[in-house]
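A look at the structure
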Amino acid sequence: MRFAIGDSDFLLDGEPHRVLSGAIHYFRVHPDLWQDRIRKARLMGLNTIETYVAWNAHAPQPGTFSLEGGLDLGRFLDLVAAEGMHAIVRPGPYICAEWSNGGLPYWLFADGTVGVRRNEPGFLAAVRDYLEQLAPVLVPRQIDQGGPIVLVQVENEYGAYGSDASYLRALEQMHRDVGLTVPFTSVDQPMDTMLEDGSLPSLHKTGSFGSRSKERLARLRQAQPTGPLMCSEFWDGWFDSWGEHHHTTPASASASDLDDLLAAGGSVNVYMFHGGTNFGFTNGANDKGVYRPIATSYDYDAPLDEAGRPTAKFHAFRSVIERYAPVPPLPASMQPGGSGVLGEPDASVASGASVASGASVASGDGLEARPAPAADVAVRLDRVAPLRALLPALTAWSTHDEPPTFDALGAASGFVLYRTEVDLPDGGVLTVGTEVRDRAVVSVDGVVVGVLEREHHDRAIALPPVTGTLELLVEDQGRVDYGPRIGEPKGLIGGVAVDGVPLARWSASPLALDPIAPAALDQLAALETSDGDVLAGPVLAAGSFDLTSTEDRYLSLDGFRKGVAWVNGFCLGRYWSRGPQKTLAVPGPVLRTGRNEVVVFELHASASRSVCMLLEPDLGHTEA
């Protein structure tokens, strides 16, 4: 088959074809759930799946490149093809996506000599190597070779960052050199000169917007006089940042804008169809004068929620799409009021009728039937260890004359513990020279004395009298994913001084938390259970719980302040009492029937030792 760009339409084997796509980022969804999410996109009426490729996820360290497990892009694309759908792939190299560093590996900029998103030899050489490693996955899966890929995007919203045509030409040629033959696209917002600055005549320009479709398409047509009109990021919601409100858009308003877009003959990629989760320490951040880390949930108020269930937006969009294209029958479980679980098409289940705990439901759509879920499960964290007690299992110390950056230590993200000995009989004022990136818990002899936060532009804190150990536990809360601060190092930037005198002779170590070091898990498992109702951090606490079925759940940490959580060794990501997110998504495949383990790393304190595995999320966040 062939896919091409015609004078007014996309052409599939020479016939006009409308792209009806939805975004699913394979790296934000447990791989055992890929098929489920892809099939639900088809059920909404979509014919294409779009995904970014997160370079830094595949290459977390220099000289490595993984395509296994949750990074098996080839398997993801094969599942798309198995559903009879096409694929759009956006390998970047920069993707934004509210993802750490916009997808660019931290190590690429560690020595300060490599350019960021520009025609610079070191950067382009690294991109060439990246594309060559992707080529065996992408090239044979192009539509003209029998695969699902119909479009490949070069760069991402480059017009909002720069206008270096020589850089774009070099990228385009690299994509061609590795064997990609399908049409290439670019994307930018239809504002100012972004569309022109971020593209080339040889790249088909597409737009990114979520409202005022007619107006946006008119501006896109000015920049792209011929060929099909396409919104390749139709924003149907928005992302959340910690400390802000939960973003939503009315289903009716989004559906109306989608209707306008399709009525004009446009093609679309719904961003997001299913947002998923920033598991581990993968979330990005924005910094437009104030640093704002992205929340763990990437629900995005999408048609499919974080647990893969249809929302009102799913049904509103499906109603719009069926005016312009055929849609498949919708199983009862996917209809309004249904469970959203494929594999239980019985109408009595879809309408909310009860099923005995542990009973199975019938399968009728090719996915394995699932047992009915049990109730919410409370978990007591009855095995507790201060962080200091577990440090031998979590650290590998190195010594330095001044505090090294995360990047110099080979730490892509997470936490680094900095330690030095001080003699301050009268105390003093500790200052960080340039910036704290991004949050430091300051302790003397194991007692927390305060916190320095980048978000508040904190750089100084008063220390009490101490002759002993000074520690700063620094958290990278997310590398900036948009704008001029992409690629910046993390840590205590500019050194540390007390009363103006630099502190030297530091020990530093990244904490082994994603995945959490097996030795630390073993120590927690071996601990005796303890009494008490509260936790004083920094502390790790563990508890066990039993399940009879393994559907997606949500971990509620009511009463906890800030930290990280794991279930069965899988890092769910960060929690923070400031919201808007109140619960952490737990993918069903992470769970197991029988005994399960939850571990929490609380940085400050908790009012309780109890957490809960919920069937439904706590929607206590503030709505927009």
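Here's a quick rundown of the structure. (Residues numbered from 1 in each chain as written. Predicted model: local features only at pLDDT ≥ 70, side-chain atom pairs only at ≥ 80, totals over all residues. Heavy atoms only, no water.)

Focus on the packing of aromatic side chains
Two aromatic rings, taken as a pair, are described by how far apart their centres are and by the angle between their planes. The full count for this structure, using the stated rule, is 25 aromatic pairs. Ring centres of Trp34 and Phe76 lie 5.4 Å apart, and the angle between their planes is 85 degrees; this geometry places the pair in the edge-to-face category. One end of the pair, Trp34, is in helix H1 (residues 34–43); the other, Phe76, is in helix H3 (residues 73–82), with 42 residues separating them in the sequence. For Trp34, a relative accessible area of 1% puts it in the buried group. On the basis of relative accessible area, Phe76 is assigned to the buried category, the value being 1%. (Phe/Tyr/Trp six-rings, centres within 6.5 Å; stacked < 30°, edge-to-face > 60°. Helix = DSSP H or I, 4+ residues; strand = E, 2+ residues; numbered from the N terminus. Buried < 20%, exposed > 50% of the residue type's maximum accessible area, 1.4 Å probe, protein only.)

Observations concerning the pattern of salt bridges
Within this structure, the stated rule accounts for 39 salt bridges. A salt bridge links Arg439 to Glu453; the shortest N-O distance between them is 3.5 Å. With Arg439 in strand E20 (residues 439–444) and Glu453 in strand E21 (residues 447–453), this residue pair connects regions lying 14 residues apart in the sequence. Classification of Glu453 as buried rests on a relative accessible area of 11%. In this structure, the salt-bridge partner of Asp546 is Arg595, at a minimum N-O distance of 2.9 Å. Taken as a pair, Asp546 in strand E30 (residues 539–547) and Arg595 in strand E35 (residues 594–602) lie far apart in primary sequence, 49 residues in all. The class of Asp546 is partly exposed, set by a relative accessible area of 45%. Of the residues examined, Arg595 reaches a relative accessible area of 47% and is grouped as partly exposed. Salt bridges linked by common partners bring Asp287, Glu435, Arg437, Asp438, Arg454, Asp476, Arg485, Glu488 and Lys490 together as one network. (Salt bridge = Lys/Arg side-chain N within 4 Å of Asp/Glu carboxyl O.)

With respect to the sheet that holds strand E26 (residues 496–498)
Strand order in the open sheet formed by four strands is E22-E18-E26-E27, with antiparallel pairing between adjacent strands. Looking along the sheet, the strands with just one partner apiece sit at the ends: strand E22 (460–463) and strand E27 (501–502). Both strand E18 (residues 428–432) and E22 contribute to a ladder of four bridges, which runs antiparallel. Residue pairing in the sheet places Thr431 in a bridge with Ala460 of E22. (Pairing = 2+ DSSP bridges.)

Comments concerning unusual backbone geometry
Between Gly92 and Pro93 the backbone carries a cis peptide bond, its omega angle lying at 20 degrees. Met272 follows Tyr271 through a cis peptide bond whose omega is 0 degrees. When you line up the elements, Met272 lands in strand E11 (residues 267–274). Unlike most non-glycine residues, Asn101 shows phi in positive territory, near 60 degrees. Within the secondary structure, Asn101 sits in the loop between strand E6 (86–90) and helix H4 (121–138). Take Asn101: its relative accessible area is 1%, and that puts it in the buried class.

Focus on the environment of Ser213
Summarising the element assignment, Ser213 is placed in helix H7 (residues 213–223). On the basis of relative accessible area, Ser213 is assigned to the buried category, the value being 1%. Considering only alpha carbons, one finds Ser213 and Val448, 235 residues apart in sequence, at a separation of 52 Å. Those residues in contact with Ser213, other than ones at most four positions away along the chain, are Phe234, Asp257, Asp260 and Leu261. Side-chain polar atoms of Ser213 contact the backbone oxygen of Asp257, separated by 2.9 Å. (Contact = heavy atoms within 4.5 Å. Polar contact = N/O pair within 3.5 Å; in protein donor to acceptor, adjacent residues only side chain to side chain.)

Observations regarding the environment of Trp55
On the secondary structure map, Trp55 appears in helix H2 (residues 55–58). Taking relative accessible area as the criterion, Trp55 reaches 2% and is therefore assigned buried. Between the alpha carbons of Trp55 and Ala520 there is a distance of 29 Å; along the sequence they are 465 residues apart. Apart from the residues within four sequence positions on either side, Trp55 is in contact with Pro93, Gly103, Leu104, Pro105, Leu108, Ala126, Val127 and Tyr130.

Concerning the sheet that holds strand E28 (residues 506–510)
Paired through their backbone hydrogen bonds, the strands of a sheet run either parallel or antiparallel. If you trace the six strands from one edge of the open sheet to the other, you get E16-E28-E17-E23-E20-E21, paired in antiparallel fashion. The open sheet is flanked by strand E16 (398–400) and E21, the only strands paired with a single partner. The average undirected angle you get between the axes of adjacent strands in this sheet is 25 degrees. (Axes fitted to C-alpha atoms, helices over the stretch in contact; angles between N-to-C directions.)

A short note on the environment of Gly337
Here Gly337 lies in the loop between helix H9 (312–321) and helix H10 (347–350). Separated by 27 residues in sequence, Gly337 and Pro310 place their C-alpha atoms 9.6 Å apart.

As for helix H11 (residues 387–394)
The complete set of buried residues in H11 reads Leu387, Leu390, Leu391, Ala393 and Leu394. Buried residues of H11, seen end-on, are gathered within an arc of 165 degrees and therefore sit on one face of the element. (Arc of directions from axis to C-beta.)

A look at the nonpolar core
What tends to happen in soluble globular proteins is that the nonpolar side chains get buried as a cluster. Formed by 106 residues in total, the largest nonpolar core has its most connected members in Ile38, Leu73, Phe76, Leu77, Phe123, Leu138 and Tyr271. In terms of residues, this core owes the most to one element, H4, which gives 10 residues. In this structure, Leu138 is in contact with Leu73, Leu77, Val89, Ile149 and Leu180, ignoring residues within four places of it in sequence. The next biggest cluster of nonpolar side chains, apart from the first, holds 26 residues, and it includes Phe406, Leu409, Ile461 and Leu472. (Core = buried A, V, L, I, M, F, W, Y, C linked by side-chain atoms within 4.5 Å.)

Focus on the state of the cysteines
Put plainly, two cysteines are in a disulfide when a covalent bond ties their sulfur atoms together. For the structure on display, the rule yields zero disulfides. Cys231 carries a free sulfur, and the closest cysteine sulfur to it, the one in Cys96, is 15 Å from it. You can call Cys231 buried: its relative accessible area is 0%. (Disulfide = S-S within 2.5 Å.)

A look at the packing of H3 against H4
Following both chains from N to C, one finds H3 and H4 inclined at 30 degrees, their axes separated by 9 Å at the closest point. Like other packed secondary-structure pairs, H3 and H4 cross with a definite hand, here right-handed. Contacts between H3 and H4 involve Leu73, Gly74 and Leu77 on the former and, on the latter, Leu134, Val137 and Leu138. The residue makeup of the contact of H3 with H4, split by class, is five nonpolar, one polar and no charged. (Left-handed = near helix turned anticlockwise from the far one by under 90°. Nonpolar A, V, L, I, M, F, W, Y, C, P; charged D, E, K, R; others polar.)

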